[in-house]
Amino acid sequence: VAETAAITGYTGADAVIQLPEKLGGYPVTTVASNAFSDNTTLTTVVFSGAVSSIDSYAFSGCNNLKQLYLPSVLTQINSGAFQYCTALESVVLPDSVSYIGYRAFRECTKLSSINYPMGLTNMDSEIFRGCSSLKSITVPEGVTSIPANAFNSADYLEEVILPETVTVIGSYAFSSCVAMKSIDLPESLTQIKDGAFHYCTALESMELPDSVSYIGY
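So, a few notes on the structure that sits alongside this text.

About the criteria used
Residues numbered from 1 in each chain as written. Predicted model: local features only at pLDDT ≥ 70, side-chain atom pairs only at ≥ 80, totals over all residues. Heavy atoms only, no water. Helix = DSSP H or I, 4+ residues; strand = E, 2+ residues; numbered from the N terminus. Rg over C-alpha atoms; globule rule 2.2 N^0.38 Å. Buried < 20%, exposed > 50% of the residue type's maximum accessible area, 1.4 Å probe, protein only. Contact = heavy atoms within 4.5 Å. Areas by Shrake-Rupley, 256 points an atom, 1.4 Å probe, with all protein chains shown as cover. Lys, Arg positive; Asp, Glu negative; His and termini not counted. Charge placed at Lys NZ, Arg CZ, Asp CG, Glu CD. Pairing = 2+ DSSP bridges. Patch = residues over 30% accessible without salt bridge, like charges linked within 9 Å, V, L, I, M, F, W, Y side chains within 5 Å. Salt bridge = Lys/Arg side-chain N within 4 Å of Asp/Glu carboxyl O. Core = buried A, V, L, I, M, F, W, Y, C linked by side-chain atoms within 4.5 Å. Phe/Tyr/Trp six-rings, centres within 6.5 Å; stacked < 30°, edge-to-face > 60°.

**Let's talk about the overall build of the protein**
Per the secondary structure count, the protein includes 0 helices and 20 strands. Computed over its C-alpha atoms, the radius of gyration of the protein comes to 18 Å, within 12% of the 17 Å expected for a compact globule of 217 residues. Projecting the C-alpha coordinates of the protein onto the three principal axes gives extents of approximately 60 × 35 × 25 Å. Expressed as a percentage of the 217 residues in the protein, the buried residues total 47%. Sequence separation of 24 or more characterises 30% of the internal contacts of the protein that already satisfy a separation of 6 or more. Surface accessibility of the protein: about 9800 Å² in total, with carbon and sulfur atoms responsible for 47%. Taking the 9 positively charged and 21 negatively charged side chains of the protein as two groups, their mean positions are separated by 9 Å.

**Some details on the pairing of strand E4 (residues 26-31)**
Two strands pair when backbone bridges link them, and strand E1 (residues 5-7) and E4 are joined in this way by 3 bridges, in the parallel orientation. If you follow Ile-7 over to E4, its bridge partner there is Val-31. In sequence, strand E3 (residues 22-23) turns back onto E4 through a hairpin of 2 residues, with Gly-24 there showing a positive phi of about 60°. Note: E4 against strand E6 (residues 53-54), 2 bridges, orientation parallel. Counted as the bridge partner of Thr-30 is Ser-53 from E6.

**Re a negative patch on the surface**
Together, Glu-141, Glu-158, Glu-159, Glu-164, Asp-184, Glu-187, Glu-207 and Asp-210 give the surface a local cluster of negative charge. Relative to the helices and strands, Glu-187 is located in the loop between strand E17 (182-183) and strand E18 (191-192).

**Structural notes on the nonpolar core**
Within the largest apolar cluster, 65 residues are counted, with the highest numbers of intra-cluster contacts made by Phe-59, Phe-105, Ile-146, Phe-151, Ile-169 and Phe-174. For this core, the elements supplying multiple residues, two or more each, are E1 and E4. Sequence-distant contacts of Phe-151, defined by excluding residues within four places in its chain, comprise Tyr-116, Phe-128, Ile-137, Val-139, Ile-146, Leu-157, Val-160, Ala-173, Phe-174, Ser-175 and Cys-177.

**Section: the side chain of Asn-152**
Relative to the elements of secondary structure, Asn-152 occurs in the loop between strand E14 (145-146) and strand E15 (159-161). Residues in contact with Asn-152, not counting those within four places in the same chain, are Ser-125, Glu-126, Ile-127, Tyr-172, Ala-173 and Ser-175.

**Considering the packing of aromatic side chains**
Aromatic ring pairs are reported here in terms of the distance separating the ring centres and the angle at which the planes meet. All told, the structure shown has 10 aromatic pairs when counted by the stated rule. Look at Phe-47 and Phe-59: their rings are 5.7 Å apart centre to centre, the planes differ by 65°, and that puts the pair in the edge-to-face class. Pair noted here: Phe-47 is in the loop between strand E5 (44-46) and E6 and Phe-59 is in the loop between E6 and strand E7 (67-69), with a separation of 12 residues, a long-range link. Residue classification places Phe-47 among the buried residues on the basis of a relative accessible area of 7%. By relative accessible area, Phe-59 is classed as buried at 0%. Taken together, the aromatic side chains of Tyr-10, Phe-36, Phe-47, Phe-59, Phe-82, Phe-105, Tyr-116, Phe-128, Phe-151, Phe-174 and Phe-197 make up a single cluster linked through ring pairs.

**What about the pattern of salt bridges?**
Applying the stated criterion across every chain yields a total of 2 salt bridges. The salt bridge involving Glu-126 is made with Arg-129; its shortest N-O contact spans 3.5 Å. Taking the relative accessible area as the measure of exposure, Glu-126 reaches 13% and is therefore buried. Given a relative accessible area of 31%, Arg-129 falls into the partly exposed group. Salt bridges linked by common partners bring Arg-103, Glu-126 and Arg-129 together as one network.

What follows is the structure, encoded as structure tokens:
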């Protein structure tokens, strides 16, 4: 079994940091839970190339963090990893990201731009809750399934643009998207699962394509 290292904390005062490629001769693959939480001096983090997991609350409350340079092998962003990063305006997620955890970007109030990774298959709820500047997200062509809970409680999101390749909208995927007034569903869509648009209280219109064969509870 290949041995790896994790960054568990930081006691410095630098505003801009580059994470080391190795610690003790082992590749750094993880930023551990709470490693940088509530660090108020940090503005920029450049991740080393082997980091595949950002653990729970790793950067929670870093309220001056503005720039993230994420590695191309990143697969997991865990619960609350960047919650309350209130200076963060834009995030570029690598397509390698397959999982985003509960409230990962909660209350990132300046976040206005974030992409949807091609490899994303598993998402927990309330990821974008309280992101008051995030109004629109585009799902790229080639994505076939919107995971359960994907945009659950994204309470300021007005628009999600779906590609013509999506066939399934997962359970509670848009639940409690209370600012969304309309959504264009692709002609490729066949399944809308349980509670997919539950509590979308502003939703005024939706046209179901003829391709839809299943609508859940």
